[in-house]
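# Coordinate analysis (summary)
So the chains spell out like this:
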Amino acid sequence: MLRELSDPNVAPTTVNVACIALAKLFNTAPGAAVLPSTLPYASAALQSPVAALRRLAAQQLGRLLVAAGAEAGTREGALELLLRALQDEEVAVAAGAEAGLKQLGRPAAQGREPGLAALLGSGTPAGQSLRQLAVCADPLLRMRSLTLLVALAAQSPAAAAAVTASGLLEPLLAELQDPGGCSPMTIRQPAAAPFAGWAAV
């Protein structure tokens, strides 16, 4: 179905209606049951030229990332794909990816793999991808990484501490303070804790 919906000859209204129907299907009990098997289809949908399909894929990958019935390897695949979707040219797709990724900061997600350590760690594939995004040449993508980090930190005190300890915010905050003096950007350990005392929202 995804292949057919990616056809440029399919009317946009038809694609939108189909995406809404599929999203509702995944929110049912039968849909949730098949969610762990949807990773390859979501990966293919992210390659679609149709933004509505990419947005649907990002939304379902976010659900898959924290799905209790999914294996750790499947959730790790969802994590990598969400980081890719965060770079999508369509704002709605990137927003869906951010919404999925920030779930890792919630108390309910702590202790589950992959967790914040996988996203923020300097030695993990996802952590390396996020670090590359934080120092890339595109200011829009750097801002998206900053937005994600702030959204993560707002989920819980533990998430705020993890984001601060990662050092990922340092070059981004420095750029905001001095837009002309932060190139090339480098990630270093934080000198202070910008989120100390934050409460989860």
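Everything below is about the structure shown above.
First things first, this report covers the structure right here in the doc. Computed from a predicted model, the values in this text were never measured in an experiment.

## Here's the deal with the overall build of the protein chain
Along the protein chain, the regular secondary structure elements total 12 helices and 0 strands. Across the protein chain, helices and strands are ordered from the amino to the carboxyl terminus as α-α-α-α-α-α-α-α-α-α-α-α. Counting every position in the protein chain, which comprises 201 residues, the buried fraction comes to 47%. Considering only intrachain contacts with a sequence separation of at least 6, the fraction spanning at least 24 residues in the protein chain is 61%. Here the protein chain has roughly 9,900 Å² of accessible surface; of this, 60% comes from carbon and sulfur atoms.

## As for helix 10 (residues 139-153)
With 15 residues, helix 10 extends 21 Å between its outermost C-alpha atoms, agreeing within 8% with the 21 Å of an ideal straight helix rising 1.5 Å per residue. Structurally, helix 10 contributes buried residues whose contacts are with helix 7 (91-101), helix 8 (116-120), helix 9 (125-134), helix 11 (157-166) and helix 12 (169-177). Its side-chain oxygen 2.8 Å from the backbone nitrogen of L140, D138 forms the N-cap of helix 10.

## Topic: the nonpolar core
Within the largest apolar cluster, 45 residues are counted, with the highest numbers of intra-cluster contacts made by L61, L120 and L130. Sequence-distant contacts of L130, defined by excluding residues within four places in its chain, comprise L83, L119, L120, S145, L148, L149 and L168. Judged by nonpolar contacts, the second largest core, of 10 residues, contains L5, V15, C19 and A52.

## A few points about the pattern of salt bridges
Two side chains with opposite charge may pair up if their charged atoms get near one another. Under the defined criterion, the tally for this structure stands at 1 salt bridge. Between R54 and D88 there is a salt bridge; the shortest N-O distance is 2.7 Å. Here R54, found in helix 5 (residues 51-65), pairs with D88, found in the loop between helix 6 (72-85) and helix 7; they are 34 residues apart in sequence, far enough to count as distant. Exposure class is identical for R54 and D88. Each is buried.

## Describing the packing of helix 5 against helix 7
Here helix 5 crosses helix 7 at 0°, and the two axes come no closer than 8 Å. In terms of orientation, helix 5 lies roughly parallel with respect to helix 7. Every residue of helix 7 that contacts helix 5 at A51, R54, R55, A58, G62 and L65 is listed here: A92, V93, G96, A97, G100 and L101. Considering only residue class, the contact of helix 5 with helix 7 consists of 7 nonpolar, 3 polar and 2 charged.

## Remarks on helix 5
Given 3.6 residues to a turn, an α-helix orients residues that are three or four positions apart in the same direction. Taking 1.5 Å of rise per residue, the 15 residues of helix 5 would be expected to cover 21 Å, and the 21 Å separating its terminal C-alpha atoms lies within 8% of that figure. Burial within helix 5 is extensive, with 11 of its 15 residues counted as buried. The complete set of buried residues in helix 5 reads A52, L53, R54, L56, A57, A58, Q60, L61, G62, L64 and L65.

Criteria and cut-off values
- Residue positions are counted from 1 within each chain, in the order its sequence is given.
- Reporting in this predicted model follows two pLDDT cut-offs: at least 70 for local features of residues, and 80 or more for side-chain atom pairs to be given and counted; totals over whole chains, interfaces and linings ignore these cut-offs and use all residues.
- Only hydrogens and water are removed before side-chain values are computed, so all heavy atoms of the structure are retained for them.
- Note on conventions: DSSP H or I runs of at least 4 residues are helices, E runs of at least 2 residues are strands, and numbering of each starts at the N terminus.
- We call a residue buried when its accessible area falls under 20% of the maximum for its residue type, exposed when it is over 50%, and partly exposed in between, using a 1.4 Å probe and counting protein chains only.
- By definition, residues are in contact when any of their heavy atoms lie within 4.5 Å.
- Computed with a 1.4 Å probe, the accessible areas rest on the Shrake-Rupley method; for each residue, only the protein chains presented here act as cover.
- How far a helix is expected to stretch is found by multiplying one less than its residue total by 1.5 Å.
- Distance and chemistry together define a polar contact, namely a pair of N or O atoms within 3.5 Å, with one atom able to donate a hydrogen and the other to accept it when in protein, and with adjacent residues in sequence counting only for side-chain atoms on both sides.
- Definition used in this section: a nonpolar core is a set of buried Ala, Val, Leu, Ile, Met, Phe, Trp, Tyr and Cys residues joined via side-chain atoms within 4.5 Å.
- Think of a salt bridge as a Lys or Arg side-chain nitrogen and an Asp or Glu carboxyl oxygen that are within 4 Å of each other.
- The axes are straight lines fitted to the C-alpha atoms, using for helices just the contacting stretch, and the angles between their N-to-C directions are given from 0 to 180°.
- Should an angle fall under 35 degrees it is called roughly parallel, over 145 degrees roughly antiparallel, and 65 to 115 degrees roughly perpendicular, with every other angle called oblique.
- In this count, Pro and Cys sit with the nonpolar residues alongside Ala, Val, Leu, Ile, Met, Phe, Trp and Tyr, while Asp, Glu, Lys and Arg are called charged and the others, Gly among them, polar.

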